[in-house]
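# Per-entry structural report
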Amino acid sequence: MRLLRRRPRVPISTSDAALPELHESVQRLTDCQERQDRAGVVSALHEIIVADPSRLADRLRYGRFREQLGYPDEAGNEFDGCLDQLDVDGELDGQLVDQLLRNAAYGPDAGATAARLERLLGTLERVRVRESEARRIVDISRVRVLFALRRRTPFIESAHELVEHYPSNPRVRQLSVLADRWAQGPDAGEPAKVFVIGLSRTGTTSLHEALQILGYSSLHWTSTLTGALPDDVDIALHDAFGDINISARFAELAARFPDSRFILTSRELGSWNRSVSAHYERFCGVSAPRELSSPEHVGHFGGRVGVIHDVLYSRHSSWEEAYVAHQQRVDAVFADQPDRLLRMTLADGDGWPELAGFLDRAVPDVAFPHSNAGPVSPPCTGRGGGR
């Protein structure tokens, strides 16, 4: 196995340039990504991996798209095939590890996810490298997989060893903080949890970035370390959380964490309806929320996406009905504890004064983030609904 330095997301190497068809497909993929053209992305990825099957990160992405389109376990099948190739003569870099973790977590079978993570861990433990950059990639990737497998003691020990070898690496520092928190237990004096509970296309991505600026360890949709939706371990180890996987379970979280704070991001109903309907039609191919109950949209992440869709969207006949129902649920839960809830409408100018005041933090000397104003990938593509 060879290990390479981190490459751009859509690399065009010298060998690609020598193949006009492949070069054109890579450029088309870039263009389709910029336009958020799902059909074009899928088509371009297919052309790329047919022309060059060694582009493993693209194969893994293509597998997730195929599974979204109704082809069962395509994400897992591509994981298996790519790991086979890695065992023989593949190339490993940080981007490819990200994609492998996402594919392992994406399918409907939690047992299969664990088995694939075990196999990835075995591959990383067998590899022998001499270059320092290659050794760093393997060492960090191995600890990430231990964390994904929830092997507490080996993870804590290995994360602390990483700090000794790579003290200035940002990913290593992130792993070290989590290891310290996991070692100390739930009563380690961490700040109260913050949950952002708005629906798709209401500003949850912007809130995620704002919370990070304020110093919170924040997750939005999936964990960047494991590629999986946050579970109880993630909630114990991080400070803040957002996206519709959190919105779907806010009542449970409010009861479990009585000191926690909640932020409901909102948007004018007509504007939201236009945005969310275009968003889901573009990326999931659905024109009404009830269509999210179809098989290709419910099995991802061990079936958890289907539960999320059911709670928030697919039991409703229209997007407006889903929006009003969610607002009513929030009103009911916080009716007798209004101090725990902040309502924010970013389109109306809400920003640092409201957020920092609610969380008793100083207002930062930077502009409030406004991210994902246009369409981005929703949960049905394996990424958050980005708002």
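Cut-off values and rules
Position numbers for residues start from 1 in each chain and track the written sequence from start to end. With pLDDT at 70 or above as the cut-off, local features in this predicted model cover only qualifying residues; side-chain atom pairs require 80 or more to be listed or tallied, and sums for whole chains, interfaces and linings still use all residues. Hydrogen atoms and water are omitted, and side-chain values are computed over all heavy atoms in the structure. Working definition: helices are DSSP H or I runs of at least four residues, strands are E runs of at least two. Numbering for both runs from the N terminus. Each residue gets one of three labels from its accessible area relative to the maximum for its type: buried under 20%, exposed over 50%, partly exposed in between, using a 1.4 Å probe on protein chains only. Throughout, a contact is declared for two residues whenever any of their heavy atoms are within 4.5 Å. What a helix is expected to span follows from its residue count: subtract one and scale by 1.5 Å. Strands qualify as paired when DSSP identifies two bridges or more between them. Two N or O atoms count as a polar contact when they lie within 3.5 Å, although within protein this holds only if one can serve as hydrogen donor and the other as acceptor, and sequence-adjacent residues are included solely when both atoms are side-chain atoms.

## Some details on the overall build of the protein
- The helix and strand tally for the protein stands at 18 helices and seven strands.
- Every one of the 387 residues in the protein was classed for burial, and the buried ones make up 54%.
- Relative to all contacts within the protein whose residues are 6 or more apart in sequence, the contacts with residues 24 or more apart total 67%.

## Notes on helix α4 (residues 56–68)
- With 13 residues, α4 extends 19 Å from end C-alpha to end C-alpha; this agrees with the ideal 18 Å at 1.5 Å per step.
- Within α4, 12 of the 13 residues are buried, which leaves it mostly tucked inside the rest of the structure.
- Among the residues making up α4, those that are buried are L56, A57, D58, R59, L60, R61, Y62, G63, R64, F65, E67 and Q68.
- Of the residues one or two after α4, G70 is the one with positive phi, at around 105°.

## A few points about the pairing of strand β6 (residues 261–265)
- Burial analysis of β6 places four of its five residues in the buried class, the great majority of the element.
- As paired elements, β6 and strand β7 (residues 341–344) share four bridges and run parallel to each other. Looking at the pairing, L264 lines up with R343 of β7.

## Quick word on unusual backbone geometry
- Even without being a glycine, W221 presents a positive backbone phi close to 70°.
- Tracing the sequence through the fold places W221 in the loop between β4 (218–220) and α12 (232–237).
- Phi is positive for F301, close to 55°, though the residue is something other than glycine.
- Within the secondary structure layout, F301 lies in the loop between α15 (269–284) and α16 (304–314).

## Observations concerning the environment of E268
- Note on placement: E268 falls in the loop between β6 and α15.
- Owing to a relative accessible area of 52%, E268 belongs among the exposed residues under this scheme.
- In the structure, E268 is positioned 80 residues away from D348 in sequence and 9.2 Å away in space, judged by C-alpha atoms.
- Of note is the side chain of E268, whose polar atom sits 2.7 Å from the backbone nitrogen of S271.

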